[in-house]
Every structure is written in structure tokens, then in C-alpha cells.
Amino acid sequence: MEHASLGIDIGGTQIKGVVLSPKGEVLQSHSLPTLDDAEGQWRERVREVLRHLQREFGKEIPVAGISAPGLANARNTAIAHMPGRLEGLVGLDWSDWLGLSCHVLNDAHAALLAEAAHGAMAGFRHGLLLTLGTGVGGAVLIDGELYQGQSQMAGHFGHTVLNIDDDETSLLGMPGSLEYALGSYSVSRRSRGRFADTLALVEAVKAGDGFAQWLWLDGVRKLAVFIASSANGLSPEAVVLAGGMTQAGELLMRPLRRFLDVYEFRPDGVSTEIRLARFGDMAGAIGAAVFAQRRFKMNE
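Along each chain, residue indices are assigned from 1 in the same order as the chain's sequence is written. Residue-level local features of this predicted model are given only where pLDDT is at least 70; pairs of side-chain atoms are given and counted only at 80 or more, and the full residue set underlies all totals for whole chains, interfaces and linings. Values reported for side chains reflect all heavy atoms of the structure, with hydrogen atoms and water molecules removed beforehand.

**Student:** Break down the sheet that holds strand β10 (residues 145-147) for me, with residues and values.
**Tutor:** For two strands to be treated as a pair, DSSP must find no fewer than two bridges joining them. Numbering goes from the N terminus for both helices and strands, where a helix is a DSSP run of H or I of at least four residues and a strand is a run of E of at least two. The five strands lie next to each other as β10-β9-β8-β11-β12, forming an open sheet whose pairing is mixed. Looking at the sheet topology across the chains shown, the edges are occupied by β10 and β12 (273-276). Put simply, the sheet's adjacent strands are angled 25° from each other on average, direction ignored. Two elements, strand β9 (residues 136-142) and β10, share three bridges in a ladder whose sense is antiparallel. Along β10, the bridge assignment pairs L141 with L146. Contact between two residues is taken to exist if any of their heavy atoms lie within 4.5 Å; hydrogens are not considered. Only the stretch in contact is used when fitting a helix axis, every axis being a line fitted to C-alpha atoms; angles between N-to-C directions are given from 0 to 180 degrees. Helix α8 (residues 250-263) contacts β11 (238-242) and β12 of the sheet and is inclined by roughly 165° relative to β12.

**Student:** Report on the nonpolar core, specifying residues and quantitative values.
**Tutor:** L130, W216, I227, L241, L252 and L256 are the most contacted members of the largest nonpolar core, which has 33 residues in total. Those elements that place two or more of their residues in this core are β8 (127-132), β9, α4 (178-182), α6 (198-206), α7 (210-234), β11 and α8. Top element by residues in this core is α7. It accounts for nine residues. Ignoring any residue separated from it by four or fewer positions in sequence, one finds W216 in contact with T198, L201, V202, V205, M245, A248, L251 and L252. Counting 28 residues, the second-largest nonpolar core is a separate cluster that includes V19, I61, L89 and C102. For our purposes a nonpolar core is just a set of buried Ala, Val, Leu, Ile, Met, Phe, Trp, Tyr and Cys residues, chained together by side-chain atoms within 4.5 Å. For every residue, the accessible area obtained with a 1.4 Å probe (protein chains only) is divided by the maximum for its type, and the residue is called buried under 20%, exposed over 50%, and partly exposed between those limits.

**Student:** Account for unusual backbone geometry, naming residues and giving values.
**Tutor:** Notably, R192 is not glycine yet its phi reads approximately 55°, a positive angle. Considering the arrangement of structural elements, one finds R192 in the loop between α5 (187-190) and α6. Located in the positive-phi region is S235, a residue other than glycine, with phi close to 55°. Summarising the element assignment, S235 is placed in the loop between α7 and β11. The exposure class assigned to S235 is exposed, which follows from its relative accessible area of 52%.

**Student:** Would you mind going over the pattern of salt bridges in detail, with residue names and values included?
**Tutor:** By definition, a salt bridge exists where a carboxyl oxygen of Asp or Glu is found within 4 Å of a side-chain nitrogen of Lys or Arg. For the coordinates displayed, the defined rule picks out ten salt bridges. The shortest N-O distance in the salt bridge between D9 and K16 comes to 3.6 Å. Here D9 and K16 have matching classes, each one buried. Sharing partners across several salt bridges, the network here consists of E44, R47 and R51.

**Student:** Residues and numbers for the pairing of strand β3 (residues 26-33), please.
**Tutor:** In this structure, strand β2 (residues 14-20) lies alongside β3, joined through seven bridges in antiparallel fashion. Across the sheet, the residue bridging to Q14 is P33, located in β3. In this antiparallel pair of consecutive strands, β2 and β3, the connection spans five residues, and G24 shows a positive phi of 90°.

**Student:** Before we move on, can you summarise α7 with the specific residues and values?
**Tutor:** In this scheme, a helix's expected span is set at 1.5 Å multiplied by one less than its residue total. The terminal C-alpha atoms of α7, which comprises 25 residues, lie 36 Å apart, in line with the 36 Å expected from a rise of 1.5 Å per residue. Taken together, the buried positions of α7 are A212, L215, W216, G219, V220, L223, A224, F226, I227, A228, S230 and A231. Each polar contact in these results corresponds to two N or O atoms within 3.5 Å; when the atoms are within protein, one needs to be able to donate a hydrogen and the other to accept it, and residues that are neighboring in sequence are counted only if both atoms are side-chain atoms. Between a side-chain oxygen at the N-terminus of α7 and the backbone nitrogen of F211 the separation is 3.0 Å; the capping residue is D209. S235 sits one or two residues past α7 and shows a positive phi near 55°.

**Student:** Describe the environment of A212, listing the residues and the values that go with them.
**Tutor:** The topology assignment puts A212 in helix α7. C-alpha separation for the pair A212 and R194, spaced 18 residues apart in sequence, amounts to 8.9 Å. Not counting chain neighbours up to four residues away, the residues in contact with A212 comprise F195, L201, A204 and V205.

**Student:** Provide a residue-level description of the packing of aromatic side chains, including the pertinent values.
**Tutor:** Two rings belonging to Phe, Tyr or Trp (six-membered ring only in the last case) form a pair when the distance between their centres is within 6.5 Å. Interplanar angles under 30 degrees mark stacking, angles over 60 mark edge-to-face geometry, and anything in between is tilted. Scanning the entire structure with this criterion turns up four aromatic pairs. Ring centres of W42 and W94 lie 6.0 Å apart, and the angle between their planes is 45°; on these two criteria the pair is classed as tilted. Taken together, the residues W42 in helix α1 (residues 42-57) and W94 in helix α2 (residues 94-98) connect sequence positions 52 residues apart. For W42, a relative accessible area of 0% corresponds to the buried category. Pairwise contacts between aromatic rings join F195, F211 and W214 into one cluster. Only when the NZ atom of a Lys or the CZ atom of an Arg is both within 6 Å of the ring centre and within 35 degrees of the ring normal do we say a charge sits over the ring. Note that R43 overlies the ring of W97, its terminal NZ or CZ placed 5.6 Å from the centroid.

Written out as C-alpha cells, the structure is:
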């Protein structure tokens, strides 16, 4: 018998939860502010979200998925690496903490599962997800399954090197990274203080600012080169784009497709499908629920 599952996404500002049917319908949802602090009180707020969803759903839910920043351990029972924030996250066994079977994964990995199961990547066997936000993250789908890789770190595409001679390094120490070329965190430095973040840059592009247009297209061109390079190496059927940068819509997609016309190798005219993600900030919670459903079925 198939059961509904719980999915909880632990973000920097919000803890979001859903009850997901086996067919991908969100039956209940709830969120609370994270309130990250040195005492790790956010963990109790995760428990509050869980209890609220259980109470509102009114039926037993045997399994939950937890989406969080950082790298999951080999058994997907806890986050093994996550420096700098969410005190108490690393090493926390969520099954013990919440009192039911829990399966834990990286938030970008969860977003890919949401899109692959019920969103923009549905129907594809091989694909990549790119999250274009404050930084750049992502995930890999191979033969219909999430590929987590050694140390569960597959998909850290933001730390791909585009220019080895650049003296700017990513958070993982990589020079000339994709994350620096596209991340909202670096817009101020890349624009010499003219624009604070991606949103401000996009507004200037729309207003006809020539410098902003050049800077935007320079980033989109680098994104196209990365996608074309990844297509050469992994041959995905689809690349799904998520995150704040995608709010630019056709301002992003139109030049991206034109740059790909230049750089992508297309044997027999077959190109990589480029799509915008279906799910917004609920992707992590939905994907965590999908992950929990799959693990539960494996163990039945």
C-alpha cells in the first residue's frame, strides 16, 4: 500500500513542510521562520512544523524526508558537513529527533527530485539541475535516479572553473568559478559597486543601462559555456534552471538559447532541453518527501 510522506526543507529563513501524496499532490503545507541562533533552537521549530502537519493531516505518516544545506552522510540519516550556520545540524540523527523514520539529503538534491518526479524534468532519464541564487548549486539525475556521488557532494557546479587565471576564488577555493560569474553574492564586486544583487542588476538591464546589459550577457554567456561543456561530459537530456536568477524569465532564456546555438555540440541536430523549474521555494520540501517515499518503498 502506498502512503503519503512528509517533506521538510530547512532553509536559512524558513522551515517549510508538506504532506505529499504518492501521486505528487501537496495535501498539506506549513512553514515557520527558521530563527537560526547559536543555541540551535531552530531544531524545535522543525518539530513544530512536523507536528502541525501530522495533526492537520489526521492520518499516520510512516516516513519523512529532510532537505537541508550541506552534505548528507553515506546512509542519508544526517547532515555530515555544513560549516558556519544552523548550530546542531551536523550529525543530528533526524529519526531519533523526530521519532519516525527520516531520510536526509542536500537541498539542491531534493529540488532535483521534486522536478524529476513531478516538475520540469518529469519524463527525462538523464538531467542536471542548476540553482542560480546567492551562489550556484545543483544536482545530477542519471538513469532516473539521483546521483549523490562520493561524500554525497555531486552537483557542486558553482565551483567549476571557467578562468583558471582569475584571482577571485569560490567558497571552496576554486579560481574563476561559475559561482563568482553568476552568484548574487558577487554582483556588487563584479559591477564595481553599481548594483547590490541580481535583482538590482536585472532592473537596470530592463531600464536600458548599457553596462548592466553587458554584465548580464557576460554572465549568461558563461552559463551557456558551462551547460555546453556539461553536455559534452554528461550528455543530459535536459537542464533545469532554478533560483532567483530565473525570475528574469525570457531576459535569461532568450540569450541563453542563442549562446547555446553557438557553443553546444548537437549531433544529428539533437540539443539539450533547457527548462525553468516548476517548483519555487517549496521544491526542497517536495523533493524531500519524494526521497522519503522512494526509500520507504525500497525497505518494504
